[in-house]
Structures are given as structure tokens and as C-alpha cells.
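Okay, here's what each chain looks like letter by letter:
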Amino acid sequence: MKYKRPRGTQDLFGIQMERWRKVERLLSGSAQRYGYSEIRTPIFEMSELFIRAVGEGSDIVSKEMYLFQDKKGRNLALRPENTAPVMRAFIENALTRRGGLSRFYYLGPMFRYDRPQAGRYRQFHQFGAEAIGSSHPAVDAEIIDLSLHVFRILGFQGIEVRLNSVGCPRCRPGFTERLKDTLQHYREELCGNCEGRIEVNPLRIFDCKDCQEIKGKLPLITDYLCAECRDHFNALQDILRGMEIDFTLDPLLVRGLDYYTKTAYEIVLPGKGAQNALCGGGRYDGLAQDCGAGFIPAVGFSTGIERLVENIPPSVLEEMGGEKTDVFFIILEEGGYPVALSRARALRSLGLKAEVELSGRSMKKQLKTAVDAKADYAIFIGSDELRRSEATVKNLITNQQDKIPFSNLETYFQNKGEQDLGEIG
Ligand code: AMP
């Protein structure tokens with residue numbers, strides 16, 4: 001084959017696709033129950049948006065963006081993340097005028113030119129939520145609660161919330177200066193990447209997996225928080241305790257994106273190594289100003305769907321299985337096709353999943369396909385059935401067989417209805 005999918009991308013089909021759809025439905029349903037409504041923004045944006053909002057010193061912008069020019073020479077980027085686009089849309093559509101808190105969720109592909117490895121792709125998908133318009137720590141708590149809720153309904157156990165505050169433009173510069181000074185003493189011990197980060201983005205050193213040793217010797221952001229950041233951090237912790245949400249304070253947790261202020265958190269699945277972060281989020285009160293608007297406080301999170309699907313507990317995956325087929329038509333005579341295709345259509349309008357075997361293979365092979373599809377019923381249409389205008393309906397679970405006139409198939413399955421087939425109609 002001449003063409004291969006680009007490195008770091010995936011083709012999704014079959015059972016995998018069905019799992020994805022179920023996960024996506026669960027995620028959207030959860031967000032909606034928390035009062036978040038869906039927002040869809042373009043997959044590409046002006047590259048400047050990410051450069052300004054995410055920050056030039058971040059890996060995402062400096063190394064990982066898919067950049068291109070359109071035919072008019074505009075500089076565009078495939079979106080590497082979706083918080084900046086949501087804020088851009090919020091401002092551009094003058095949603096600020098609505099006042100109060102606006103809650104959005106999104107779900108879609110993101111693109112980062114990163115080194116592909118387990119759980120890391122170049123096109124990956126994120127589900128995320130953003131609450132825009134309030135500085136109150138209760139909103140941070142709601143976001144953390146929503147993100148925990150989605151992992152719980154997906155059956156994750158033993159997940160942990162790691163929490164930190166990364167300060168604000170008032171207190172962070174003092175910390176950053178102190179950090180730079182300290183790092184000068186450890187220059188030789190830093191990895192090549194981090195050595196270059198001292199001047200550009202020293203906070204990123206906390207994210208580096210190769211510089212673990214040094215982290216213990218560095219000053220901690222939490223010792224440098226201004227009164228406002230400290231009050232916010234304490235209030236958030238009080239609210240979380242009041243909600244009986246467990247969390248671990250992690251003063252080394254610094255998210256890789258520049259726009260975070262105050263709250264930064266991750267939900268981790270212990271024991272999963274480098275890719276153990278299932279979800280990351282926090283407050284980004286400075287982002288609206290970076291986008292050229294006024295002060296609009298906001299908080300949000302995002303989670304990678306690939307990592308979710310790959311880490312879902314096996315028992316939950318089992319239940320998610322494929323969507324089962326209700327009835328499966330097996331055709332043994334040419335004349336059976338129009339009958340089966342039209343009867344299947346009628347059953348589908350009752351809400352059943354009806355499949356028709358169109359391969360013309362042997363009965364045995366067709367039956368095997370029906371069993372593999374986990375069909376409840378097989379409907380045989382052969383020469384006898386065509387002569388009598390009645391189908392042989394076999395319950396593949398009990399093996400009971402009935403002869404049902406073609407014209408009665410709908411009534412037959414309607415009567416079976418709720419007891420055997422679950423939701424009908
Ligand atoms: P970030 O936007 O970097 O804070 O990442 C948020 C979440 O997106 C992570 O916790 C991962 O679950 C997921 N994620 C980030 N980058 C990738 C990637 N390259 N491939 C797959 N998932 C990713």
C-alpha cells in the first residue's frame with residue numbers, strides 16, 4: 001500500500017469506535033447535567049492566538065504547532081488546545097454581555113507535533129469544560145468536581161486530585177526571579193532542554209521528567225503567593241473539604257501552559273508512569289487580556305479521550321462492548337433480499353437494530369456473523385419461507401423457533417418488546 005496514515009494518528013472503527021461513542025456520550029451527558037452547554041470552534045485558528053495565549057515559551061507553541069499559510073498568506077495553526085479558542089469565541093461573540101457565569105464544554109481533535117508514544121498522539125481528542133466569568137473559588141471546585149465525576153462514571157478507581165496554586169502576574173514574577181537565581185547554581189545538573197528553559201520559561205522545569213532530583217532543591221511557588229492568591233487557594237481547599245473531595249497538595253505541579261493563574265490541578269491514575277495524568281486544568285484569569293479583551297476570570301479542564309479509552313477498567317469496557325444487534329436477517333434465496341431489506345427497515349422504525357446479511361454466503365457462515373454480532377434473533381428467509389410468506393424467527397439465546405408471517409413481523413417484535421429487547425420505539 002502506497003499510503004499510510006500520518007505518524008501519531010489513529011483510524012478508529014468497529015468496537016473501538018463504539019466505545020469512543022459511548023465515552024463521548026457519557027462525557028457530554030455529564031457536562032450537560034452540570035449545566036455546561038456544548039461549544040464548537042474551528043479546528044484551525046490564527047496562529048497568533050496560541051502564540052499570545054499559550055505563550056511562546058511553552059513547548060506546545062515553540063515546538064509542537066502544526067503551522068501553515070492559506071492562499072492569502074494568513075498564518076494559521078491546527079489547534080493544539082481549545083481553551084484559547086473558547087475564550088476567543090466567548091469574546092468575539094460578545095458573550096461577556098450575558099453577565100454571570102458561562103459554562104461550556106467541548107469535545108474534538110487537537111494537534112501537537114509531539115513524539116508519538118503510548119498515550120501520546122499527534123492528532124488526539126480532548127473533552128474539556130470552561131467556566132467563564134467568575135473569580136470565586138467555588139467555580140474551581142465545581143470544575144474539579146465535574147472532572148472527577150466523569151472519571152467516576154467511567155469506572156476509574158483510585159484516581160487522585162493533585163492541587164497547587166501557580167500564583168498570578170503579581171506574585172509569580174518574584175518567584176520566577178528567585179527560581180532563575182537558584183537554577184543558575186544547578187545549571188550543570190539540568191538536562192539540555194531545561195538548561196535552555198532557565199531564561200525562557202523556568203517554570204517548565206517542574207514538568208521535566210529528567211530533572212526530578214533538582215526539583216527538591218528549588219523554591220516553591222506556594223511560598224511566594226500574594227495575599228489574594230493565598231486566600232483563593234485556602235478558600236478552594238475549604239470548599240473541597242466541605243464537598244468531601246480528597247486532594248493532595250503538590251507544590252511541584254506547574255502546568256505547561258502559560259495562561260494558568262492561581263489554581264492548577266491534575267487528576268492522576270497512580271502507577272501509570274509518565275502518562276499518568278488523565279486530566280489537567282486550572283484557572284486562567286489572564287487569558288482574556290492576552291486575547292485583547294478586559295479582565296474575564298475563568299477556570300477549566302481538559303482530558304485526553306485516547307488516554308481515557310485506553311485506561312478504562314476492563315469490566316467497564318466489557319459492559320460498553322459493541323452496540324448489540326436485535327435482529328439479523330439471513331437470506332438463502334435471491335427473492336429474499338427485497339423482503340428482508342423492507343422488513344428490516346420496518347423493524348428499525350420501531351427502534352430496533354436490524355442487520356441484513358448481504359454476502360450471499362452459506363447459511364452457516366451467515367449464522368456465525370449473526371452470533372458474532374451478538375444478535376438476539378436470526379430471521380431466516382429461504383425458499384420455504386418465501387413460498388409460505390412466513391419467516392423462521394430463531395431466538396439465538398433460547399434457540400426457540402417461530403414461524404411468523406412476513407406481514408406480522410413488526411407486531412411480533414413489538415409484542416416481544418420491552419421484555420426481550422429493551423427499549424423499543
Ligand atoms: P494539556 O492540554 O497538555 O494540559 O493536556 C490535557 C490532557 O490532554 C492530558 O491530561 C492528556 O490526557 C491529553 N493529552 C495531551 N497531549 C496529548 C497527546 N499528545 N496525545 C494524547 N493525549 C494528550
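Residues numbered from 1 in each chain as written. Predicted model: local features only at pLDDT ≥ 70, side-chain atom pairs only at ≥ 80, totals over all residues. Heavy atoms only, no water.

### Regarding the environment of Ala344
By the secondary structure assignment, Ala344 is in helix α13 (residues 336-348). Separated by 12 residues in the primary sequence, Ala344 and Val356 have C-alpha atoms spaced 7.2 Å apart. (Helix = DSSP H or I, 4+ residues; strand = E, 2+ residues; numbered from the N terminus.)

### Here we look at the layout of surface pockets
Think of a ball as big as a water molecule: rolled over the atoms, this probe shows where empty space is left. Size it by volume and the second largest pocket reaches roughly 480 Å³. For the lining of the second largest pocket, the element with the most residues is helix α6 (residues 172-185), which contributes three residues. Classifying every residue of the lining of the second largest pocket by side-chain character gives 11 nonpolar, six polar and five charged. (1 Å grid on protein atoms, 1.4 Å probe; cavity = no way out; pocket = protein on both sides within 12 Å on 5 of 7 lines; lining within 4 Å. Points joined across faces, edges and corners; volume = space filled by probe spheres on them. Nonpolar A, V, L, I, M, F, W, Y, C, P; charged D, E, K, R; others polar.)

### Some remarks on the domain arrangement of the protein chain
Split by domain assignment, the protein chain resolves into domain 1 (14-171 + 225-318) and domain 2 (324-421). Of note, the centres of domain 1 and domain 2, computed from C-alpha atoms alone, are 47 Å apart. (Domains from an automatic or database assignment.)

### Remarks on the site of the ligand
In the neighbourhood of the ligand, 13 residues make up the surrounding shell, with Arg112, Tyr121, Gln126, Arg255 and Gly304 lying closest. One nitrogen or oxygen atom from the side chain of Arg112 is found 2.8 Å from an oxygen atom belonging to the ligand. Within the contact set of the ligand, an oxygen atom lies 3.0 Å away from a side-chain nitrogen or oxygen of Gln126. In isolation the ligand exposes 490 Å². Once the protein is present, 92% of that is buried. It is strand β10 (residues 277-283) that contributes the most residues to the shell around the ligand, three residues altogether. Its residues placed into classes, the shell around the ligand shows five nonpolar, four polar and four charged. (Near = heavy atom within 4 Å. Polar contact = N/O pair within 3.5 Å; in protein donor to acceptor, adjacent residues only side chain to side chain. Areas by Shrake-Rupley, 256 points an atom, 1.4 Å probe, with all protein chains shown as cover.)

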